[in-house]
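What follows is the residue order along each chain.
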Amino acid sequence: MSRGQDIEALSPVAMTSIVTTDLIGVTRGRSFPSDELEHYRLGGCGWVPANSALTPQDLIAEDNPWGAYGDLRLIPDLDSRVSVGAGPDPFAPPLEFIHADIRETDGQPWAACPRTLLRNELEAYQALGIQVIAAFEHEFNLDTGGEQAEHLAFSLQAQRQGASFGGWLLAALRAAGVEPEMFLPEYGKHQYEVTCRPTQGLAAADRAVNVREITREIARQLGQRVSFAPKTAENAVCNGVHLHLSLQDLEGTPLLYDPQAVSGDDLSRLGQHWAAGVLKHLPALCAFTAPTPISYARLQPHHWSASYACLGLRNREASLRICPTVTIGGKPEAPQYNLEFRALDATASPHLAMAVVLMAGRLGIEQQLALNAVTDKVPDELSAEQRRASGIVPLPGNLPQALDCLRENRELRQLLPQALLDTYFAVKQKEVSLTEHLNAAQLCEHYGHLY
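The rules behind the values
- Residues numbered from 1 in each chain as written.
- Predicted model: local features only at pLDDT ≥ 70, side-chain atom pairs only at ≥ 80, totals over all residues.
- Heavy atoms only, no water.
- UniProt positions renumbered as here; feature names shortened; annotations may be inferred.
- Helix = DSSP H or I, 4+ residues; strand = E, 2+ residues; numbered from the N terminus.
- Polar contact = N/O pair within 3.5 Å; in protein donor to acceptor, adjacent residues only side chain to side chain.
- Contact = heavy atoms within 4.5 Å.
- Buried < 20%, exposed > 50% of the residue type's maximum accessible area, 1.4 Å probe, protein only.
- Pairing = 2+ DSSP bridges.
- Salt bridge = Lys/Arg side-chain N within 4 Å of Asp/Glu carboxyl O.

Within an unreviewed UniProt entry, the label attached to the protein reads Glutamine synthetase family protein, and the organism entered is Pseudomonas piscis. The Sequence similarities (unreviewed entry) field of the UniProt record for the protein holds the comment "Belongs to the glutamine synthetase family."

Trainee: I'd like to hear about the side chain of Asp-101, residue by residue, with values.
Mentor: Following the sequence through the fold, Asp-101 ends up in strand β6 (residues 95–104). A polar contact is formed between the side chain of Asp-101 and the side chain of Arg-119, at a distance of 2.5 Å. Leave out the neighbours within four places in its chain, and Asp-101 touches Arg-73, Leu-74, Ile-75, Cys-113, Arg-115, Thr-116 and Arg-119.

Trainee: Which residues make up the pairing of strand β9 (residues 191–196), and what values do they have?
Mentor: In the case of a regular strand, side chains alternate between the two sheet surfaces. Where burial is concerned, most of β9 is hidden: six out of the six residues are buried. The side-chain alternation of β9 yields two buried faces, one formed by Gln-191, Glu-193 and Thr-195 and the other by Tyr-192, Val-194 and Cys-196. Pairing analysis gives four bridges linking strand β7 (residues 130–143) to β9, with the strands arranged antiparallel. Bridging across to β9, Glu-139 finds its partner in Glu-193. In terms of strand pairing, strand β8 (residues 180–185) meets β9 through five bridges, oriented antiparallel. From the neighbouring strand, Pro-185 faces β9, where its bridge partner is Tyr-192.

Trainee: Which residues make up the pattern of salt bridges, and what are the values?
Mentor: In this structure the tally under the stated criterion is 21 salt bridges. Two residues, Asp-376 and Lys-377, come together in a salt bridge whose shortest N-O distance is 3.7 Å. By relative accessible area, Lys-377 is classed as partly exposed at 46%. Across the pair Glu-431 and Lys-428 runs a salt bridge whose closest N-O atoms are separated by 2.8 Å.

Trainee: Please give an account of unusual backbone geometry that cites residues and values.
Mentor: Despite not being glycine, Phe-154 has its phi angle at roughly 65 degrees, a positive value. Position of Phe-154 among the secondary structure elements: in the loop between β7 and α3 (156–161). Although it is not a glycine, Gln-368 sits at a positive phi angle of roughly 50 degrees. With respect to the helices, strands and loops of the structure, Gln-368 is situated in the loop between α7 (350–367) and α8 (384–390). For Gln-368, a relative accessible area of 59% translates into the label exposed.

Written as structure tokens, this is what we have:
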């Protein structure tokens, strides 16, 4: 080439990522040139078992089943592909990723894959003639950088302060097929919530991941920062995740609503069994749904979250809530009727959390458990005798207690692959040891940065 000839300018290669959201709710993966998708469609890309033993502090828990051995594949599920084009930063590359199932190198499912666990549980429901419809609601704190003006809770002023972020976020969520419903200011300072429409089965947990990652992406492009941590400062209002669940038969007929129900505020007999199973196993479920030390700063009385295992009608202090239905305009109630699981936050894996809640509910259905622990009052304001008579038990007060509840719950553990359990216990024990020296303020700051 002569000195005078032009050299063709390079342009960045568009990349697609194959991702898995692991046991601690962190989305990880590998990227490749987007025009080579066909090459990875069937065989996926390589992965390492020990990746599942990473703590939120980015250290591999030593006491895990894998060590330095083994190889896996991330197999992309093309139906879950997310594509978000140009956003507020015109120079930022498009965001494109595909959710994957983790498989052995011969194609067999890998025992510790959260997405496979949820898929298998949904198949167990289908065998009972039931399909699951779900949606996750997320609360988060938005840091715009620099001096932030104070605003009033739920106010239009607060909405306008976050309007640029919210507008870009809703556009990106729409582009990703997430079907956003609302972006709204919440009770806490600089706290917002984003909701999306319910969808069927596995896609609901995928959507939860999409909401988190797209929210972070829009914040990055705007030079802002978000945190989904349960509590970002010692005196801050808590961030929760609310999992809304409804059950239908395989033809789409709602199964939770029964206006002739003798008790349970129109909750059908099937729904009562399901709720009874969730409440029975809730202390152990907390090990997965409130899975970090900071989670228990939120699960306190009078925090509008959950501190006792109970069912309540429109009661935001109940861990399981019967949500309101709207009859304005002649809307039918049955399709709206759903239960909200409130003892959940964004330090949890959406796939793992949804799977274990469904497992507990299925046990309730299969065993036809009677529904107790129902109250229309704030459970902390009941006497100890009233709670005992109603079967209302306190939730664990910290992560070690929750892990002990899981160890003692043989029924629930029998439904979980041993390799997943062993890895999870190793990760959480390591996490406890890494954070036990932190005081309340330090713990909030620590997880506020991690999540």
